[in-house]
Amino acid sequence: MLDSFGRGLRMIWASIKMGLKDKRLLLPSILTVFTNFFFGILLFLFGEDKVGGTIGGAVAAGGMPEIPGIGKVPIPALGGAAQHIGMGHSPQQLLQHAHASNIMNMGAVNGPLDMSGFHAMSSQVGDTLFSQNSLIVMCLLSAWWLTNRFLEGVTTALTYSHLTEGPGSGKFSVACKAVFESLPAIIILGIVTFIARNLAKWMRNKRSTGVFGMGVNFLSGIVEVFWTMAGHLILPSIVIEGSSFVGAMKRADRIASGNLLTIGVGEVGVDGICRLVSWLVYIAGAAAAGGIAYLGVIQHIVIPAPAIAVGAALWGMLAIVVTSFSIYIRAAFYTCLYVWAIEAESVAHTERVHVRAPAPLAHALA
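Keep in mind the model is a prediction, meaning the values are calculated, not measured. (Residues numbered from 1 in each chain as written. Predicted model: local features only at pLDDT ≥ 70, side-chain atom pairs only at ≥ 80, totals over all residues. Heavy atoms only, no water.)

Caption draft 1: Fine view of unusual backbone geometry. Even without glycine at this site, H300 takes up a positive phi of about 60°. One can find H300 in the loop between α10 (270–297) and α11 (305–345). On the basis of relative accessibility, which here comes to 62%, the residue H300 falls in the exposed class. (Helix = DSSP H or I, 4+ residues; strand = E, 2+ residues; numbered from the N terminus. Buried < 20%, exposed > 50% of the residue type's maximum accessible area, 1.4 Å probe, protein only.)

Right under this line is the structure:
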C-alpha cells in the first residue's frame, strides 16, 4: 500500500509538471469545474422552484409535501430540524434546505468525489426515473455527463499529442473536433455504462442472504469495477483512434486479455490520493462553515463579514485548483496507460517488458 501511495505521488507530481509546462492540458479540467457549478445551480434552481409550489399548499392543508425526485416527505422525517419550527424556521424553509442538500448530492456527476462520473448519475437517476419532472432532471444530468465526458476527451487528446509528438504539439481546436466526431460512440458509452451501473445496483438491492447473496454481491462488484476500468480504456480508444463503441470495446478487451499493461492500475494509487485530498478540502470547508455557525449561534461571537468573504474566496479557489488538478491527473494517468499499451502492442510479446512507459508514468514506476 505504501508503495502504491509513493508511486501515486510521483505520478501526480510528474503530471502536474507536465501540465504546467503545457497549460492547455489543464484548460478542459478547469472548464469542467465551472460547468459542474453551472449544472449544479440549474438543478438547484429547478428543484427550488418546484419545491416552493408543492410545499406551501401541502403544509397549509396539513398534508405531506411531495418533492420532485424524492416523493412525499412528512415533516417529522426532518428529525431534530422539526424542533426548530417556531424559532424562525418555517416548515417550508426546512424542507427547502433538505431538498437543496439532496439536489447537491445528486449533482456530483464527475465531481471531485467521483471522478469517473458514473456513480452519481446511475444511482440517483435510477431512483427518480418514474417520478414527477424526472424527464427534465434526466435531461439536465445527461447533458452534464456528456459535457464532462467531452472535456475529458479533449484532455485525453491533448495529453496524447503531448506524449507522442512533444510539448505544445496539441491544438485545442483539433482536440475538440476529434471529440465532436466521436460523440455518437461516447453517447453509447454513457448509455451502456448507465445500464451496467443500474444493473449492479439492482443486483445489490435484490440479493438474498447466505452464500447466494454473497455471490450476487460479488458479481455486482465485478460489474462496477469492470465498467469503471473499461470506461477509462474505451474513451481513449474512441477519441485517439476514432473507434466506434464496439471497436473501442474490442480494443479494451485486447489490452486486458493480452496483458499489454505490465502493471495494474491499483499499483499506482492516483485515484486514492486524489479522492483523499478532495475529501480533506471539502471537509475543511464544511468544518469552517460549521465553526462559524457555532460561534455565531451558540457563542454569540460575530465574525466580520469581510473576513468570512475572504476566507470563502480562498477556500473556493483552493477547491477549484484541487478539483481541476484531480480531474486532469486522472485523465493524464489513463492516457499514459493507453499510450503504453499501444506501444507494447506494436512489438513482440517477449520485448514488451522493455517498452518504456510515457514520461509521467515512467517517473512513477522508477
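Here the narrative resumes, following the displayed structure.
Caption draft 2: Molecular detail of a nonpolar patch on the surface. Side chains of I30, F34, F37, I41 and L45 sit close together on the surface and give an oily, nonpolar patch of about 470 Å² of accessible area. With respect to the element layout, I41 can be found in helix α2 (residues 27–60). Among the residues examined, I41 registers a relative accessible area of 48% and is labelled partly exposed. (Patch = residues over 30% accessible without salt bridge, like charges linked within 9 Å, V, L, I, M, F, W, Y side chains within 5 Å. Areas by Shrake-Rupley, 256 points an atom, 1.4 Å probe, with all protein chains shown as cover. Salt bridge = Lys/Arg side-chain N within 4 Å of Asp/Glu carboxyl O.)

Caption draft 3: Region of interest: the packing of aromatic side chains. Inspection of every chain in the model, using the stated rule, returns 6 aromatic pairs. Between the aromatic rings of F150 and F180, the centroid separation amounts to 4.9 Å while the plane-to-plane angle is 50°, which identifies the pairing as tilted. Of this pair, F150 sits in helix α5 (residues 134–165) while F180 sits in helix α6 (residues 172–181), and the two are 30 residues apart along the sequence. Seen from their ring centres, Y282 and W315 are 6.3 Å apart, and the 70° between their planes marks the pair as edge-to-face. Of the two residues, Y282 sits in helix α10 while W315 sits in helix α11, which places them 33 residues apart along the sequence. Since its relative accessible area comes to 35%, W315 is described here as partly exposed. (Phe/Tyr/Trp six-rings, centres within 6.5 Å; stacked < 30°, edge-to-face > 60°.)

Caption draft 4: Representation of the confidence of the model for the chain within the structure. For the chain, the mean per-residue pLDDT works out to 74, and 66% of the residues sit at or above 70. This stretch, residues 94–126, has a pLDDT under 50; its non-local contacts, to residues over four places away or in other chains, come to 95 contacts. (pLDDT = per-residue confidence, 0-100. Contact = heavy atoms within 4.5 Å.)

Caption draft 5: Geometry of the nonpolar core. If you look at the biggest cluster of nonpolar residues, it comprises 44 residues, and the most contacted ones within it are M11, F333 and L361. Looking at this core element by element, the count peaks at 8 residues for α11. F39, L43, V137 and W144 belong to the second-largest nonpolar core, a separate cluster that totals 7 residues. (Core = buried A, V, L, I, M, F, W, Y, C linked by side-chain atoms within 4.5 Å.)

Caption draft 6: Highlighting the pattern of salt bridges. This model, assessed by the stated rule, comprises 4 salt bridges. Across the pair E152 and R149 runs a salt bridge whose closest N-O atoms are separated by 2.6 Å. Here the residue E152 and the residue R149 both occupy positions in helix α5, the gap between them amounting to 3 residues, near one helical turn. The class for E152 is buried, based on a relative accessible area of 12%. The partner of R251 in a salt bridge is E241, and the shortest N-O contact between them spans 3.0 Å. A residue pair is termed long-range when its members are at least 10 positions apart, and R251 in helix α9 (residues 245–257) and E241 in helix α8 (residues 210–241) qualify at 10 residues. The class for E241 is partly exposed, based on a relative accessible area of 35%.

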